[in-house]
Amino acid sequence: MPWRSLAGLAVVVALASGASQWWRSHLAGSLGEQLVALARPGDIQMLSSTTCVYCTAARRWLTDQQVPFGECFIERDADCAARYQAMGARGTPTLLVRGQVQLGFSPQQVLDGLQARR
């Protein structure tokens with residue numbers, strides 16, 4: 001009997017995990033579609049670091065969702081580093097969404113920035 005309970009619990013956990021992954025994927029796709037509809041070339045600029053794993057994740061997400069964005073690296077591009085320092089940025093990625101500074105990457109925050117600055 002205890003094995004049946006454990007097997008049942010394993011099935012419930014697997015179903016919940018699958019449903020959670022599906023929901024996250026659904027939300028990501030929906031946010032991506034909304035960003036694609038609103039973002040124009042030049043609206044989203046990402047100031048990145050070559051060693052920043054969060055920058056890599058943001059780049060991958062934006063690219064996978066086909067959201068137009070520009071990117072520069074503070075270690076490779078003197079103009080990028082100067083902009084980064086001038087805005088007093090505290091970390092990477094730092095995004096400029098239609099001129100609004102956003103520290104870190106959140107698809108919802110980027111969407112909010114695009115909607116606020118139409």
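Residues numbered from 1 in each chain as written. Predicted model: local features only at pLDDT ≥ 70, side-chain atom pairs only at ≥ 80, totals over all residues. Heavy atoms only, no water.

Caption draft 1: Summary view of the sheet that holds strand β1 (residues 44-48). In spatial order, the strands read β2-β1-β3-β4; together these 4 strands make up an open sheet with mixed pairing. Both outer strands of the open sheet, β2 (70-73) and β4 (100-103), are each paired with one neighbouring strand and no more. Taken over all neighbouring pairs, the strand axes of this sheet differ in orientation by 20° on average, direction set aside. In terms of strand pairing, strand β3 (residues 94-97) meets β4 through 4 bridges, oriented antiparallel. Bridge pairing in β4 links Leu95 to Gln102. (Pairing = 2+ DSSP bridges. Helix = DSSP H or I, 4+ residues; strand = E, 2+ residues; numbered from the N terminus. Axes fitted to C-alpha atoms, helices over the stretch in contact; angles between N-to-C directions.)

Caption draft 2: Spatial organisation of the packing of aromatic side chains. Counted under the stated rule, the structure contains 1 aromatic pair. Sitting above the plane of the Phe73 ring, Arg76 keeps its charged end 4.7 Å from the centroid. (Phe/Tyr/Trp six-rings, centres within 6.5 Å; stacked < 30°, edge-to-face > 60°. Lys NZ or Arg CZ within 6 Å of the ring centre and 35° of its normal.)

Caption draft 3: Structural view of helix α3 (residues 78-86). Those residues of α3 lying buried are Cys80, Ala81 and Tyr84. Projected onto a plane normal to the axis of α3, the buried residues spread over an arc of 100° and lie on a single side. Exposed positions of α3 whose direction lies more than 90 degrees from the buried face are Ala78, Asp79 and Ala86. Contact partners of the buried residues in α3: β1, β2 and β3. Where α3 begins, the side chain of Asp77 points an oxygen toward the backbone nitrogen of Asp79, at a separation of 2.9 Å. Looking one or two residues beyond α3, the residue adopting positive phi is Gly88, at roughly 65°. (Buried < 20%, exposed > 50% of the residue type's maximum accessible area, 1.4 Å probe, protein only. Arc of directions from axis to C-beta. Contact = heavy atoms within 4.5 Å. Polar contact = N/O pair within 3.5 Å; in protein donor to acceptor, adjacent residues only side chain to side chain.)

Note that every value here comes from positions in space, so none of it alone points to a role or purpose.
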